[in-house]
Amino acid sequence: MLKENKILNPELAKNVNADLLPTDERIMDPLSYGASFMGGCVSIGTFSMGAALIGKLTIAQAIIAMCIGCLVIAIALVLVGVCGHTYGVPFTVQARSSFGFAGLKIPGFLRGIPAIVWFGFQSWVGAGAINSCLKILFGISNLPVVFVLFTAFQVAMAIRGFKEIKWMENISCLFIIGILIYMLYVVNTKFGAQIGNAFGNIKGTWGMPFWAATTSFLGIYATMIVNASDYSRNLKEKTGSVATGSIYTVAILPVTLFMGLIGLLVTAATGNSDPVAVFSTTMNSKFLTILTLAFIAFAQVTTNVLNNIVPPAYVLVESFNIKWSWATIIVGALSIAVMPWRLVTAKSAAGLSLFTRLYSAFLGPIFAVLVVDYFILRKKQLDVNDLYDKENSPFKGINWAAVIAIIVGAIVGCVVMDLSWYISLIPTAVVYYLLMKYAHFGNIDNFRKGTIFDEGAAEEKTAEAAA
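This one's a predicted model, so the numbers in the text were calculated from it and none came from an experiment.

J.: Give me the overall build of the protein: which residues, what numbers.
T.: Of the regular secondary structure elements, the protein holds 20 helices and zero strands. Across the 467 residues in the protein, those meeting the buried criterion constitute 59%. Restricting the contact set of the protein to residue pairs at least 6 apart, pairs at least 24 apart contribute 85%. On the protein, roughly 18300 Å² of surface is accessible, and the fraction owed to carbon and sulfur atoms is 66%.

Below is the structure:
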């Protein structure tokens, strides 16, 4: 019989890093939660994804592709986040039931690497905006120093935890939407003729390039989907799945449309995919130029703190048992090490799109494993003590069924890279389900109570049962 238990044994809690314990206070109501996602989704990466569509799709097709990607994101966030919302656990704890205590490092690092890359990329763009403001106001320009200081500021914000993140995201919400509307207005009025010429001869397509575009926009948030529980564990408990999905849609869709369209139209008109370079030279006044550049910088803070610092920091806390503050500092240092100044050039737009589709081929399978494990195999029933008891948990070791399923799904996804996230799901789900239910991996016959895939652990259990 499956057993549900949401209460963690106090004795187990004593030996657990406090940052990984189940949430004891839900600090976000639906309005705050929606505002947080709206602020967290203002990604300059979306700007680059829009720029990558030039010459491939019409404006209408680009809008539809963005809408499809956002709707898939909303549904996927709900499916993964239900576990965190129900039990109050972060992604790295949730993943123990499907990957095992040792095996969860695999999805953790697959999630963390793209987050760190995007953190560095967006921090460089934000630092460029701040540097431009300093140059306009005071004649000061030193981008490398500004970049390091800007990265340190974001890390400091993340160290303060979700309460600080909540208020920052809430305050930024209306400001972000207002500036995005204004930026789109400026683009249309300033470059209307150039935009008309650029798209006049584009017929577009509903074939592979269209669906590849949905994958690209979905892929920006594919990282966020996997660790949805990191966010949902802070949402008020009585918020249902339909309401949560509506929150995601309302928060993510308009921001993605604005950013994607601005990137598409600006790059088509100017040939420059760097928003800082474009908007620092196209505004009609110094005040509006500074306001827009300040928005670009601020938008990177709201996105990075929520989506690109918190998830890999949790992975480091889990993997190396270090404090939250040190984990966030390490994430900041790694984001500088990826050399983001090489990623923001015009030549990098297509490369970033390819990178997004590549890591989506791995994150799609992780999503599939989490969903099949929680909804189909465990029927949404977990004993929270099993997720924290490293010595006696049925989840200790590595769940090789999950690892094999991810490999199979990723290989299939890489065969058709343009649809990597989508086509990786079914083979991953089928392989994982069959291995869990019918193959002999450790204590597979007892998988509903929590399967052990570490053979040594299985033999130890068998010996104890015999005694």
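J.: Outline helix 4 (residues 59-87), listing residues and values.
T.: With 29 residues, helix 4 ought to run about 42 Å at 1.5 Å a step, and its terminal C-alpha atoms sit 43 Å apart, in line with that. Taken as a whole, helix 4 carries its principal kink of about 45° at Gly81. The first or second residue beyond helix 4 is Gly88, which carries a positive phi of 70°.

J.: Tell me about the packing of aromatic side chains, residues and numbers included.
T.: Enumeration according to the criterion identifies 15 aromatic pairs in this entry. With centroids separated by 5.3 Å and ring planes inclined at 85°, the aromatic side chains of Trp118 and Phe121 adopt a geometry described as edge-to-face. With Trp118 and Phe121 both in helix 7 (residues 105-138) and three residues apart, this pair spans about one turn of that helix. Both residues of the pair, Trp118 and Phe121, belong to the buried class. Cation over ring: Arg96 sits above Tyr388, and NZ or CZ is 5.5 Å from the ring centre.

J.: Describe the pattern of salt bridges, and please don't skip the residues or the numbers.
T.: According to the stated counting rule, one finds three salt bridges in the structure shown. The salt bridge partner of Glu11 is Lys14, with a shortest N-O separation of 3.2 Å.

J.: Give a detailed account of the nonpolar core, specifying residues and quantitative values.
T.: Core analysis: the largest hydrophobic core is formed by 133 residues, its most contacted members being Phe37, Leu77, Phe99, Ile252, Phe295 and Tyr432. The leading source of residues in this core is helix 13 (residues 241-270), at 16 residues. The residues contacting Tyr432, other than those within four sequence positions of it, are Ser98, Val369, Val372, Asp373, Leu377, Asn399, Ala401, Ala402 and Ala405.

J.: Please provide a residue-by-residue account of helix 7, values included.
T.: Taking 1.5 Å of rise per residue, the 34 residues of helix 7 would be expected to cover 50 Å, and the 47 Å separating its terminal C-alpha atoms lies within 8% of that figure. Two residues or fewer past helix 7, Gly139 is found with a positive phi of approximately 75°.

J.: I'd like a description of the side chain of Arg233, backed by residues and values.
T.: Within the secondary structure, Arg233 is located in the loop between helix 12 (228-232) and helix 13. Buried within the structure, Arg233 lacks any salt-bridge partner; Asp230 is the closest side chain of opposite charge, at an N-O distance of 5.8 Å. Among the polar contacts listed, one links the side chain of Arg233 to the side chain of Thr23, at a separation of 3.1 Å. The contact partners of Arg233, leaving out residues within four places of it in the chain, are Asp19, Leu20, Leu21, Pro22, Thr23, Arg26, Gly84, His85, Gly88, Val89, Pro90 and Tyr314.

J.: Describe in detail the confidence of the model for the protein, supporting the description with residues and values.
T.: Residues with a pLDDT of 70 or more make up 85% of the protein, whose mean pLDDT is 82. Confidence drops under a pLDDT of 50 for residues 442-467, and excluding neighbours within four residues, the segment shows 53 contacts in the predicted structure.

J.: So, unusual backbone geometry: which residues are in play, and what are the values?
T.: In the Ramachandran plot, Asn321 falls in the positive-phi region, its phi being about 50° despite a non-glycine side chain. Within the element layout of this structure, Asn321 appears in the loop between helix 15 (286-320) and helix 16 (324-337). You will see that Lys379, though not glycine, has its phi angle at about 50°, which is positive. Secondary-structure assignment places Lys379 in the loop between helix 17 (348-377) and helix 18 (400-415).

J.: Pulling in residues and values, what's your account of the environment of Ala222?
T.: Along the chain, Ala222 turns up in helix 11 (residues 222-226). Judged by its relative accessible area of 1%, Ala222 falls in the buried class. Remark: the alpha-carbon pair of Ala222 and Thr356, spanning 134 residues in sequence, is separated by 8.7 Å. Ignoring anything within four residues of it in the chain, the contact list for Ala222 reads Ser360, Leu363 and Trp421.

J.: So, the packing of helix 7 against helix 16: which residues are in play, and what are the values?
T.: Contact geometry for helix 7 and helix 16: axes closest at 8 Å, N-to-C directions at 70°. Between helix 7 and helix 16, the angle falls in the class roughly perpendicular. Crossing of helix 7 over helix 16 shows right-handed handedness. Together, Ile116, Phe119 and Gly120 of helix 7 and Val331, Gly332, Leu334 and Ser335 of helix 16 make up the contact between the two elements.

J.: So, the side chain of Thr256: which residues are in play, and what are the values?
T.: Note on placement: Thr256 falls in helix 13. Of the residues examined, Thr256 reaches a relative accessible area of 0% and is grouped as buried. Sequence-distant contacts of Thr256, that is, excluding residues within four places in its chain, are made with Thr46, Met66, Cys70, Phe217 and Tyr221.

Rules and cut-offs
Residues numbered from 1 in each chain as written. Predicted model: local features only at pLDDT ≥ 70, side-chain atom pairs only at ≥ 80, totals over all residues. Heavy atoms only, no water. Helix = DSSP H or I, 4+ residues; strand = E, 2+ residues; numbered from the N terminus. Buried < 20%, exposed > 50% of the residue type's maximum accessible area, 1.4 Å probe, protein only. Contact = heavy atoms within 4.5 Å. Areas by Shrake-Rupley, 256 points an atom, 1.4 Å probe, with all protein chains shown as cover. Expected span 1.5 Å × (residues − 1). Bend = angle between axes of the 7 residues up to and from the residue. Phe/Tyr/Trp six-rings, centres within 6.5 Å; stacked < 30°, edge-to-face > 60°. Lys NZ or Arg CZ within 6 Å of the ring centre and 35° of its normal. Salt bridge = Lys/Arg side-chain N within 4 Å of Asp/Glu carboxyl O. Core = buried A, V, L, I, M, F, W, Y, C linked by side-chain atoms within 4.5 Å. Lys, Arg positive; Asp, Glu negative; His and termini not counted. Polar contact = N/O pair within 3.5 Å; in protein donor to acceptor, adjacent residues only side chain to side chain. pLDDT = per-residue confidence, 0-100. Axes fitted to C-alpha atoms, helices over the stretch in contact; angles between N-to-C directions. Parallel < 35°, antiparallel > 145°, perpendicular 65-115°, else oblique. Left-handed = near helix turned anticlockwise from the far one by under 90°.

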